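A structural walkthrough
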There are 2 protein chains.
Amino acid sequence: MRTIFFHNEPKILGSFGVGGKDESKSPYCKHFDTLFNDDYWGEDTFELCERKMYINAVQGAIGSAGLNKSDIDILFGGDLLNQIISASYSAREMETGFLGLYGACSAMAESLLISGVFIDGGYAKNCIAATSSHFATAQRQFRTPLGLGSTDTPTAQITATAAGACVVGLSGAGIAKVSSATVGRVVDFGITDATNMGAAMVPAALETVITHLENTNTKPENYDLIVTGDLGIFGRDLFLDNAKKLGYVFENYTDCGAEIYKGNKNAPCGASGCGCSALMLCSYYLDLLKKRELKKILFCATGALMSPLSTFQGESIPGVAHAVCLEAI
Amino acid sequence: MRTIFFHNEPKILGSFGVGGKDESKSPYCKHFDTLFNDDYWGEDTFELCERKMYINAVQGAIGSAGLNKSDIDILFGGDLLNQIISASYSAREMETGFLGLYGACSAMAESLLISGVFIDGGYAKNCIAATSSHFATAQRQFRTPLGLGSTDTPTAQITATAAGACVVGLSGAGIAKVSSATVGRVVDFGITDATNMGAAMVPAALETVITHLENTNTKPENYDLIVTGDLGIFGRDLFLDNAKKLGYVFENYTDCGAEIYKGNKNAPCGASGCGCSALMLCSYYLDLLKKRELKKILFCATGALMSPLSTFQGESIPGVAHAVCLEAI
């Protein structure tokens, strides 16, 4: 059984989201906690900028929970960069324990799910779940040098320059409670196009969402919103089409990657990157849950386990997606 | 508090270790479950060989526990390769949930610790903790092309070509029980020499081992063995020297990286790599615990969070180490 039920009401006690240049033009930007307007945020490299975003999100979340660094037992986190350097160098600044994760863009849900288990079971007092991505660091690592000025294919998504963090604990008022979660499975339908991450992730997203519905004996209409991570516009439509073929109609469904850059003509297929769903969750959806404008959502962050090396060696791109059910308090 | 006490006796139900060419010459080789004698094990690339080792260890552990694939809820694992491709492509072959981890060479202890929490708290029925490394894949990714024939510095360790996996659960006879664990902190003493991983990891190893002793109110002599992951020969000596300065004398102490290649003149500083401590734990130390030749050990796998990109950008190499206390049943 891959679905976990939390009986002790682990809560999100604080959350914080950071966004960059494109995020500042998002229709959701007024919800974002911190925004900056270039690619460096005063740092020397894109990687140092991403690290600053990560640390900023973590510190912001701790502050938003009304806690101090010393109140945190464990930081759960990862990012897209090799050796998860944004997360691990950020953890160096903390005095907490660090358990590094890698689930590509599923990191926000993965870290939230594991935090939920540690808190629900009493294995830690307060945890942080955090992740980040940066357009230029991801481009450097996964794709072609920016200086080449390569044009995008129609299905290519833009990696969000964003970070998000949540503090999970039992005590305090809390923004929302974590009520259940489903661990994803690695699913591969043979996509080899590294500029079509949406298609690579849709099978895993569908598998996880449907497994969660089945295991919790719920229907799509029992959620105010089912929100996937970063399938993008093409992926979102593919998700809905394939869901219909499997007999599921999702009325209250959206995708963070399809939403965050709405109206931005430079991002016709939307956004990707761990930070995309992290920022949308930590700054926007949690805000709506806090105000009780949403009562119950299923947050399903999706990751394409793409590796440039595997791609060069002829491998297809598997996907993974983890789902966390969040409810207003 | 970073130390976790397991009250429901999560047990290691099965374990399996795989080793390559150099491991076949190890003084411990008769304990290793499967050995092969070249760099490919019949595969086309080093990376596919590592994946085969990973899958083999996972399947072997399931078999050794007398279980089937369908009995496993979640695979916790990672490896050294970018996007943890050995673990994630192996997970594709399984029908279980997958939570990918990255803790460099601390992966065996990290995955065991998180598995312990999921099992102890009743969040999963059976989990697998697994990791791997391969000399040639690590060399390709982290160091210089093998064809260059670069000579090693005296402190350079050889990445073990090895994999190990444990099944953790509550039911069944079990090999050993997981009684407590300490989550590591990211510690950085400013080492910038990428050929001296031992020195980069010693501060984290010491911090974790001492924190575990303090939090569990135990002394080094309360353990039949305290075993670190892959500090290597230089790192092992550095660990003991620095421990003494901090007032700790470890009589029953060893390091998997210092042990596995004992007598091998081509590895004067010993071994490194996730697979090193994984193989030694899964095939050797668990064997001794099963036979009750050891009653209680503290297994502390150590990771150097080295990133070629960060190193090129002038960063030092932080370390992290997680400790798991295992006791004979």
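Quick look at the structure, then. (Residues numbered from 1 in each chain as written. Chains lettered and ligands numbered in written order. Predicted model: local features only at pLDDT ≥ 70, side-chain atom pairs only at ≥ 80, totals over all residues. Heavy atoms only, no water.)

**Considering the overall build of chain A**
- For chain A, the helix and strand inventory stands at ten helices and 14 strands.
- Scaling as 2.2 N^0.38, a compact globule of 329 residues should have a C-alpha radius of gyration of about 20 Å, and chain A matches this with 18 Å.
- In terms of its C-alpha atoms, chain A occupies a principal-axis envelope of roughly 50 × 50 × 35 Å.
- Expressed as a percentage of the 329 residues in chain A, the buried residues total 67%.
- Counting contacts in chain A only where the partners sit at least 6 residues apart, residues at least 24 apart contribute 77% of the total.
- Of the roughly 10900 Å² of accessible surface on chain A, 49% is carried by carbon and sulfur atoms.
- Charge separation in chain A, taken as the distance between the mean sites of 25 positive and 34 negative side-chain charges, equals 5 Å. (Helix = DSSP H or I, 4+ residues; strand = E, 2+ residues; numbered from the N terminus. Rg over C-alpha atoms; globule rule 2.2 N^0.38 Å. Buried < 20%, exposed > 50% of the residue type's maximum accessible area, 1.4 Å probe, protein only. Contact = heavy atoms within 4.5 Å. Areas by Shrake-Rupley, 256 points an atom, 1.4 Å probe, with all protein chains shown as cover. Lys, Arg positive; Asp, Glu negative; His and termini not counted. Charge placed at Lys NZ, Arg CZ, Asp CG, Glu CD.)

**Focus: the interface of chain A and chain B**
- Residue-level contacts link 56 residues of chain A with 56 residues of chain B.
- Together chain A and chain B conceal approximately 4400 Å² of surface at their shared face, both sides included; 59% is due to carbon and sulfur atoms.
- A per-residue breakdown of the area chain A buries against chain B is headed by Gln83(A), Tyr102(A) and Tyr123(A), which together make up 17% of the total.
- Summed over the shared surface of chain A and chain B, the number is six salt bridges.
- The shortest N-O distance in the salt bridge between Arg92(B) and Asp188(A) comes to 2.5 Å. (Buried area = accessible area lost by both parts, 1.4 Å probe. Salt bridge = Lys/Arg side-chain N within 4 Å of Asp/Glu carboxyl O.)

**Here's the deal with the nonpolar core**
- Ile128(A) and Ile128(B) are the most contacted members of the largest nonpolar core, which totals 125 residues.
- The contact partners of Ile128(B), leaving out residues within four places of it in the chain, are Val58(B), Ile62(B), Ile72(B), Ile74(B), Leu75(B), Phe76(B), Met94(B), Ser115(B), Ala165(B), Cys166(B) and Val167(B). (Core = buried A, V, L, I, M, F, W, Y, C linked by side-chain atoms within 4.5 Å.)

**So, the relation of the copies chain A and chain B**
- If you rotate chain A by 180° and push it 0.0 Å along the axis, it lands on chain B with an RMSD of 0.0 Å. The transformation just described matches what one would write down for a two-fold rotation axis. Scanning chain A for the C-alpha nearest the rotation axis identifies Leu101(A), at a separation of 2.0 Å.
- Most of the interface of chain A is mirrored in chain B: 100% of its interface residues are interface residues there too. (Least-squares fit on C-alpha atoms with pLDDT ≥ 70 in both.)

**Comments concerning the side chain of Ser133(A)**
Residue and element names in this part refer to chain A.
- In this structure, serine 133 sits in strand β6 (residues 126–133).
- The class for serine 133 is buried, based on a relative accessible area of 1%.
- A polar atom in the side chain of serine 133 sits 2.7 Å from the backbone oxygen of alanine 160.
- Polar contacts involving the side chain of serine 133 include one to the main-chain amide nitrogen of glycine 275, which spans 3.0 Å.
- Residues contacting serine 133, with those up to four places away along its chain left out, are Glu50, Met53, Leu80, Thr159, Ala160, Thr161, Ala162, Gly273, Cys274, Gly275 and Cys276. (Polar contact = N/O pair within 3.5 Å; in protein donor to acceptor, adjacent residues only side chain to side chain.)

**Re the packing of helix α4 (residues 107–120) of chain A against helix α3 (residues 107–120) of chain B**
- It is the contact of α4(A) with α3(B), at a shortest axis distance of 9 Å, that shows an interaxial angle of 60°. When the interaxial angle is binned, α4(A) and α3(B) end up oblique. Like other packed secondary-structure pairs, α4(A) and α3(B) cross with a definite hand, here left-handed. Between α4(A) and α3(B), the residues in contact are Leu113(A), Ile114(A), Val117(A) and Phe118(A) and Leu113(B), Ile114(B), Val117(B) and Phe118(B), respectively. (Axes fitted to C-alpha atoms, helices over the stretch in contact; angles between N-to-C directions. Parallel < 35°, antiparallel > 145°, perpendicular 65-115°, else oblique. Left-handed = near helix turned anticlockwise from the far one by under 90°.)

**A closer look at the state of the cysteines**
All names here are of chain B.
- For the structure on display, the rule yields zero disulfides over all chains.
- Summary of cysteine pairing: cysteine 274 is not part of a disulfide, and the nearest cysteine sulfur, belonging to cysteine 105, is at 4.6 Å.
- The class of cysteine 274 is buried, set by a relative accessible area of 0%.
- As a non-bridged cysteine, cysteine 300 has cysteine 256 as the owner of its nearest cysteine sulfur, 10 Å distant.
- You can call cysteine 300 buried: its relative accessible area is 0%. (Disulfide = S-S within 2.5 Å.)

**Comments concerning the pairing of strand β14 (residues 319–328) of chain A**
Residues and elements named next belong to chain A.
- Along β14, nine of the ten residues are buried, which leaves the element largely enclosed by surrounding structure.
- Looking at chain direction, strand β9 (residues 176–182) and β14 are connected through six bridges and run antiparallel. The partner of alanine 181 across the bridge, within β14, is valine 324. (Pairing = 2+ DSSP bridges.)

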